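# Secondary and tertiary structure notes
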Amino acid sequence: MKKRIAAILFGSALALTLCACGGGDAGTTTDTGDNGAGDTTQAADVAKDEETVYKIGDTWTVDGQWTLTIDSVETISDRNEFSDKNPTAVYMVNYTYTNTGYEDAMGMMNGLYLDLSSMRVVDSSSNMGYTYPGNIVDNPQETPVGATCKAQACFGVDNAGTFKIIVDQYDGNSKEQSATFQIDVDA
């Protein structure tokens, strides 16, 4: 027992030491080779292209992989009596995706599978939304190249009104693709 406690204390001390040593060098200098002055750019400072924000009816296209369109959003008044959540608003999102060339590099999927219910939702007060057990009729499916799938996702939010769905999906080359859909609804 004493050996186990000693091992835990030693491991904790080692972890704290490593954290303390690793945290102080966030801005590193890189030698450019031309004048030795170096570049002190941090990863967060790297310029990014302005992110496109999509709306209902807009299509997000990832070349050679897929297209995704949020077709419509309905406010649902019914509440699921078995849910532990008590959302202020529930939204049913109807969407369509087409596999324009996605093939799973790992060979685990039999086509493109875009499930919006597993994506991040941010409500009108910047609080995280959540999936809600609504009456979904059209579930997403593994969709082969050239095919289209119509699907639904149901979300609950604690603050009604305009919300965002942030879609993060790996393409067939294992590169993460991301898009933000702003959903304008009346509060």
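Let us look at the structure shown here. (Residues numbered from 1 in each chain as written. Predicted model: local features only at pLDDT ≥ 70, side-chain atom pairs only at ≥ 80, totals over all residues. Heavy atoms only, no water.)

## As for the environment of Val93
Rules: Strands are runs of DSSP state E lasting at least 2 residues, helices are runs of H or I lasting at least 4, and numbering of each runs from the N terminus. Note on exposure labels: buried denotes an accessible area under 20% of the residue type's maximum, exposed denotes more than 50%, and partly exposed covers the range between, all computed with a 1.4 Å probe on protein chains only. A contact between two residues is defined here by any heavy atoms of the two lying within 4.5 Å.
Looking at where Val93 falls in the secondary structure, it is placed in strand S4 (residues 89-99). For Val93, a relative accessible area of 0% corresponds to the buried category. Residues Val93 and Cys154, spaced 61 residues apart in sequence, show a C-alpha to C-alpha distance of 6.1 Å. Apart from the residues lying within four places of it in its own chain, the contact partners of Val93 are Ile70, Ser72, Val73, Leu116, Ala151, Gln152, Ala153, Phe155, Phe163 and Ile165.

## Regarding the sheet that holds strand S6 (residues 130-131)
For clarity, the cut-off: Two strands form a pair only when DSSP identifies at least two bridges running between them.
The strand order S2-S3-S4-S7-S6 describes an open sheet built from five strands, whose pairing is antiparallel. Strand pairing shows two members of the sheet lacking a second neighbour, strand S2 (59-62) and S6, which therefore form its edges. Bridging between S4 and strand S7 (residues 148-157) involves ten bridges; their strand directions are antiparallel. From the neighbouring strand, Val93 faces S7, where its bridge partner is Ala153.

## Re the side chain of Thr69
With respect to the element layout, Thr69 can be found in strand S3 (residues 66-76). Its relative accessible area of 14% is what places Thr69 among the buried residues.

## A look at the pattern of salt bridges
For the record, the criterion: Whenever Lys or Arg places a side-chain nitrogen within 4 Å of a carboxyl oxygen from Asp or Glu, that contact is recorded as a salt bridge.
On inspection of all chains with the given rule, the structure shows two salt bridges. Among the salt bridges present, the one from Asp184 reaches Lys55, with a minimum N-O distance of 3.2 Å. Remark: Lys55 occurs in the loop between strand S1 (53-54) and S2 and Asp184 occurs in the segment after strand S9 (176-183); sequence separation between them is 129 residues. For Asp184, a relative accessible area of 40% translates into the label partly exposed. With a shortest N-O distance of 2.6 Å, Asp168 and Arg120 are connected by a salt bridge. Note that Asp168 is positioned in strand S8 (residues 163-170) and Arg120 in strand S5 (residues 120-122), a separation of 48 residues in sequence. Exposure remark for Asp168: the relative accessible area of 23% places this residue in the partly exposed category. For Arg120, a relative accessible area of 39% translates into the label partly exposed.

## Remarks on the pairing of S9
Walk down a regular strand and you will see the side chains alternate between the two sheet faces. Where S1 lies against S9, two bridges are found, and the strand directions are parallel. From the neighbouring strand, Tyr54 faces S9, where its bridge partner is Phe181. Where S8 meets S9, eight bridges bridge the pair, whose relative direction is antiparallel. Bridging across to S9, Ile166 finds its partner in Thr180. Here S8 folds back onto S9 in antiparallel fashion, the turn holding five residues, of which Ser174 has a positive phi close to 65°.

This is a description of form; function is not addressed.
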